[in-house]
Amino acid sequence: MRIGYFPYNPGGNPYQMLFSSALEAAGLDVKRIPPRKFFPLQYALSQSTDLLQLDWPHDWYRGRNHVTQLLKKYMYLRGIEALRHAPCVWTAHNLQAHDTTDAAYEQAMMQALVSVCDGIIVMSSLAEDQLRDLYRVNPETRVAVIPHGHYIDAYPNTVTRQQARESLGLEYASRVVLSLGRLMPYKGLGELIESFCATAGSGDVLLLAGNSTDDAYLESLRRLAKAKCPATAEIQFHPGFVADNRLQHYFNAADVVALPFNAVLNSGSLLLAMS
């Protein structure tokens, strides 16, 4: 069987590479199909595969403005119609996009996908319950619980705690709390700053590291930290992409990894920290 993995765009996250490699280790032929801007689902279906494995569909129907969204919606719904005639499996990393501003539209677009899936992968029994609460799942659609894989050995992990702290300018005796990932409102970072500042002792450090696409939000976090953090503690911001070989410096320097999501279904960040 030939599996079309779409949209294959591993970037800085090895999840898709690890998952597709596991499929190949199980004896399947995997065609990794890169993202496509125009008519993405039709493009994926044109790749001569026996089944499509779909990840993260939210960009297919959401646009930056009204006109772009209308165009994307048209292409997406045409693609959904085409999917009715081809086997497909969707991995439910999220049941709705984290940053959606229109829950009703999001749910309608996702329901369209759920309705044509032959299989849906969820990562826990709780996720399956939430899937069935939120969407109408066809009785013939197979829902399988496959836990999120780990990231052990996926990244370099050779630096010691002391080396990691020295590379970040941290005292060895400090108590370090780390939040690593995209600096976005749904991550609950404002609440994390408030809680850290309310409980921090002398020498405690909070590290906030990761990409930010919202300069105003990042600046609001900086202002909050400046206003709330006691003089004896410290909050450091490390905005920007954290390269693979630098992840170990942050995790090995930390005593605690904080994951204060306002809402989350599955967390690759949690699995990465545990790994």
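See the structure shown above.
Below is a short write-up of the structure. (Residues numbered from 1 in each chain as written. Predicted model: local features only at pLDDT ≥ 70, side-chain atom pairs only at ≥ 80, totals over all residues. Heavy atoms only, no water.)

1. Structural notes on the overall build of the protein
Each helix and strand in the protein was counted, giving 10 helices and 10 strands. For the protein, the spread of C-alpha atoms along the principal axes amounts to about 65 × 40 × 30 Å. Expressed as a percentage of its 275 residues, the buried residues of the protein come to 46%. Contacts spanning at least 24 positions in sequence make up 75% of the contacts within the protein whose residues lie at least 6 apart. Of the roughly 14200 Å² that the protein leaves accessible, carbon and sulfur atoms contribute 52%. Computing the positive centroid from 24 side-chain charges and the negative centroid from 26, the protein places the two 5 Å apart. (Helix = DSSP H or I, 4+ residues; strand = E, 2+ residues; numbered from the N terminus. Buried < 20%, exposed > 50% of the residue type's maximum accessible area, 1.4 Å probe, protein only. Contact = heavy atoms within 4.5 Å. Areas by Shrake-Rupley, 256 points an atom, 1.4 Å probe, with all protein chains shown as cover. Lys, Arg positive; Asp, Glu negative; His and termini not counted. Charge placed at Lys NZ, Arg CZ, Asp CG, Glu CD.)

2. Considerations on the packing of aromatic side chains
Applying the stated criterion across every chain, the model contains 10 aromatic pairs. Between the aromatic rings of Tyr5 and Tyr8, the centroid separation amounts to 5.8 Å while the plane-to-plane angle is 55°, which identifies the pairing as tilted. A residue is classified by how much of its surface remains accessible, and Tyr5, at 0% relative accessible area, is buried. Residue class for Tyr8 comes out buried when judged on its relative accessible area of 15%. Members of the aromatic cluster, each reached through a chain of ring pairs, are Tyr5, Tyr8, Tyr15, Phe19 and Trp56. The residue whose ring lies beneath Arg32 is Tyr8, and the NZ or CZ to ring-centre distance is 5.6 Å. In this structure, Arg161 is placed above the aromatic ring of Tyr172, and the distance from its NZ or CZ to the ring centre is 5.6 Å. (Phe/Tyr/Trp six-rings, centres within 6.5 Å; stacked < 30°, edge-to-face > 60°. Lys NZ or Arg CZ within 6 Å of the ring centre and 35° of its normal.)

3. A word on the sheet that holds strand β2 (residues 29-32)
Spatially, β2-β1-β3-β4-β5-β6 is the arrangement adopted by the 6 strands of the open sheet, whose pairing is parallel. Of all the strands in the sheet, the pair left with one neighbour each is β2 and β6 (142-145). Adjacent strand axes in the sheet meet at a mean angle of 20°, parallel and antiparallel pairs treated alike. Strand direction decides the pairing type here: strand β4 (residues 88-91) and strand β5 (residues 119-122), joined by 3 bridges, are parallel. Bridged to Trp90 within β5 is Ile120. Where helix α5 (residues 125-134) meets the sheet, it contacts β4, β5 and β6, and its direction lies at approximately 150° from that of β6. (Pairing = 2+ DSSP bridges. Axes fitted to C-alpha atoms, helices over the stretch in contact; angles between N-to-C directions.)

4. Concerning a nonpolar patch on the surface
Residues Phe38, Phe39, Leu71 and Tyr74 make up a contiguous nonpolar surface patch of about 410 Å² in total accessible area. Relative to the helices and strands, Phe38 is located in the loop between β2 and α2 (40-45). (Patch = residues over 30% accessible without salt bridge, like charges linked within 9 Å, V, L, I, M, F, W, Y side chains within 5 Å. Salt bridge = Lys/Arg side-chain N within 4 Å of Asp/Glu carboxyl O.)

Structural measurements only, silent on function.
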